[in-house]
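Examining the three-dimensional arrangement
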Amino acid sequence: MCGIIAYIGDQEALPRLIEGLRRLEYRGYDSAGVALIEPDGVWLRRAVGRVAGLAAETSDGCTSKVGIAHTRWATHGGVTLENTHPHLDATHRIAVVHNGIIENMEALKAVLIADGVEFLSETDTEVLPHLIRRHYTGDPLEAVRAALSHVHGTYGIAVAFADHPDVLIAARFGSPLVIGLGDGETVLASDPQAIVAHTRRVLYLDDREIAVISADGAKVQRLSGGDVNRDVSLIEADYAVAELGGHEHFMAKEIWEQPDALLRCLRGRVQIERGNAKLGGLNMTPRDMVNIREVVTVGCGTAYHAGMVGSMAIEHLARLPAHAEVASEFRNRHPIIPPDALYFAVSQSGETADTLGAVEEILVKGGQVMGVVNVVGSSIARTCGAGVYVYAGPEIAVASTKAFTSQVTALLVFTLMLARTRNQSLAQGENIARALLEAPDKLQEYLDDPGPIDAAADLVKDAKYCMFMGRGFSYPVALEGALKLKEISYVPCEAYPAGEMKHGPIAMLEDGTPVIVIAPRGSQRDKVISNIKEVQARGARTIIVHTRGDDEMARLADVSIPVPEVREFISPLLTVVPLQLLAYKVGIALGRDIDKPRNLAKSVTVE
Ligand code: F6R
């Protein structure tokens, strides 16, 4: 989604801003722009489409050492040059880039229009430079502070003033900003990914904070007034590794990184000899665990699916009520929050607006919520204050892969802890711990021999519709497989619990419709065989993901994809991988933009 990068320092800003925008490209966007401060005013260049197009627009060059830049993912107003950020005030001496949504834009616009302001775009953002101009009496900090006191909604903004080339102003409410403290330069961004080329030393802005940024550093204040002493944080080392490493796409790289990601998530946390695990970030004693009466996960998309797997494992192994909620529904339905329930907010980016909104709703109602988050220091991690980092490393491809398996792994580690306080003996705990620690090797074993994915992709790529089905732990995997295929290939598809087929979806099948069945060994296997026969009787061609050595399943399949044998609750970590590969191969076959699929953004920071 929208990205911000701003630079002030002793070097030319333009190449650094363009490079920063390139590093933000993975988030998804549809136009980009840059504004630099020159002695005679603001130097503005914007382009619809890719950052490469913007770079071409700036080929006349600009030697300024201060500027702001933005990648826009359209919300208010179409994808046009006029709507592209930065936006300027009428005198062209104040430039603003903005992430978030201004909810009272119509009211603010009406006041400004009555004042004689002429609007050039359909964006909500454009009210900001005009509003700041209205309050400007020579002090940039106070002008932005005063303007924001009239704004309802969410914002992460960077503001440049032609009259003050020695400072930039940044402010945050509900949309992340991080300030990188370099040597003779300071860089502001909405995402640490755009900062690591300059420095690892950062200050995270919190909600309702405003900062004056200069080449020497930043001074942070509360929007309501008063200084804030923010400690410097260090961005983790692996943030710099946003390279393809020999793979054609980040999605492929991230699929192949999964054994390592799982290892990082498990390392030092699971102990076989104790038949238990430790997640220090939860700050929970066994006594605290025993008092939990219910576990609920909240998340969106892939993170929701990971939560489904986690909650099934909790019910299965710890015998505690558990379920998963879609964050966007949960936050808006005035949910009941039992005080003895434990909520997990599952999020790769840690910035998803709906999940953050759910966290805030849980906290307002006195509930207990922890993060299951990948990006260290992100808004959800910091708002929860406690939780589990999944340590998947930076996920650049828009379609989430290694974050899913890492989120599931983190929730399984928690499940082991919870189960040991309740109903699993030491010996049983040892078995669960062993099964978890074996998962990275099993995943590697599968990736070394991924099976006939090309043959499966051949069946799917020209299909006008296909279906995914599974039971129990394999139902969330079916949902995740269908989501991946939609995102990357745009092939129409749906996922159903296999037992639901007869209640309607089976009507969709025609001669040759591909049905992808997730059917590992376990409690549901035999029932799924009946479902496979039912769909085959209606002409479906089946791609079956099953346990290696299950010859009956292999014989039933048009395309048989075996995965190594693991315990049932671990199976999603294995069975999802062929589905990720299938989506990838179909996307390639159809010539799709794999890492940046149409209409999607990596981090969905608006409701
Ligand atoms: C799917 C995908 C999305 C995200 C969802 C939540 O491939 O990437 O469905 O899973 O937008 O994002 P996070 O995990 O960042 O909260």
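For the structure given in this document, a descriptive report is provided here.

Summed over all chains, the structure comprises three cavities of 30 Å³ or more. Taken as a whole, the second largest cavity spans an internal volume of roughly 110 Å³. Taken together, 15 residues make up the lining of the second largest cavity; nearest its centre are Cys2, Trp73, Thr75, His85 and Gly100. Its residues assigned to classes, the lining of the second largest cavity shows four nonpolar, nine polar and two charged.

Right, let's get into the sheet that holds strand β11 (residues 201-204). In spatial order, the strands read β3-β2-β4-β1-β10-β9-β11-β15; together these eight strands make up an open sheet with antiparallel pairing. Strands with a single pairing partner mark the edges of an open sheet, and in this sheet they are β3 (41-48) and β15 (233-234). Relative to β15, β11 runs antiparallel, the two sharing two bridges. Looking across to β15, one finds that arginine 201 is bridged to leucine 234. Where helix α1 (residues 13-24) meets the sheet, its contacts fall on β1 (3-9), β2 (31-38), β3, β4 (66-72) and β10 (185-189), and the angle it forms with β1 comes to roughly 155°.

Turning our attention to the state of the cysteines. Applying the stated rule across the entire model yields zero disulfides. Cysteine 384 forms no disulfide, and the closest cysteine sulfur to it belongs to cysteine 300, at a distance of 13 Å. As a non-bridged cysteine, cysteine 493 has cysteine 466 as the owner of its nearest cysteine sulfur, 5.0 Å distant. By relative accessible area, cysteine 493 is classed as buried at 7%.

Counted by the stated rule, this structure contains 28 salt bridges. The partner of aspartate 454 in a salt bridge is lysine 585, and the shortest N-O contact between them spans 3.4 Å. Taken together, the positions of aspartate 454 in helix α15 (residues 453-461) and lysine 585 in helix α19 (residues 571-589) put the pair 131 residues apart, joining distant regions of the chain. Between lysine 484 and glutamate 480 there is a salt bridge, with its nearest N and O atoms 2.6 Å apart. Linking lysine 484 with glutamate 480, this pair stays in helix α16 (residues 474-489), spanning four residues, or about one helical turn.

Taken together, 14 residues form the shell around the ligand, and within it Ser347, Gln348, Ser349, Thr352 and Glu487 come nearest. Interatomic distance of 2.6 Å between a side-chain N/O atom of serine 347 and an oxygen atom of the ligand. Here an oxygen atom of the ligand sits 3.2 Å away from a polar atom, N or O, in the main chain of valine 398. Protein contacts shield 90% of the accessible area of the ligand, which totals 400 Å² for the unbound molecule.

What counts, and where the lines are drawn
Residues numbered from 1 in each chain as written. Predicted model: local features only at pLDDT ≥ 70, side-chain atom pairs only at ≥ 80, totals over all residues. Heavy atoms only, no water. 1 Å grid on protein atoms, 1.4 Å probe; cavity = no way out; pocket = protein on both sides within 12 Å on 5 of 7 lines; lining within 4 Å. Points joined across faces, edges and corners; volume = space filled by probe spheres on them. Nonpolar A, V, L, I, M, F, W, Y, C, P; charged D, E, K, R; others polar. Pairing = 2+ DSSP bridges. Helix = DSSP H or I, 4+ residues; strand = E, 2+ residues; numbered from the N terminus. Contact = heavy atoms within 4.5 Å. Axes fitted to C-alpha atoms, helices over the stretch in contact; angles between N-to-C directions. Disulfide = S-S within 2.5 Å. Buried < 20%, exposed > 50% of the residue type's maximum accessible area, 1.4 Å probe, protein only. Salt bridge = Lys/Arg side-chain N within 4 Å of Asp/Glu carboxyl O. Near = heavy atom within 4 Å. Polar contact = N/O pair within 3.5 Å; in protein donor to acceptor, adjacent residues only side chain to side chain. Areas by Shrake-Rupley, 256 points an atom, 1.4 Å probe, with all protein chains shown as cover.

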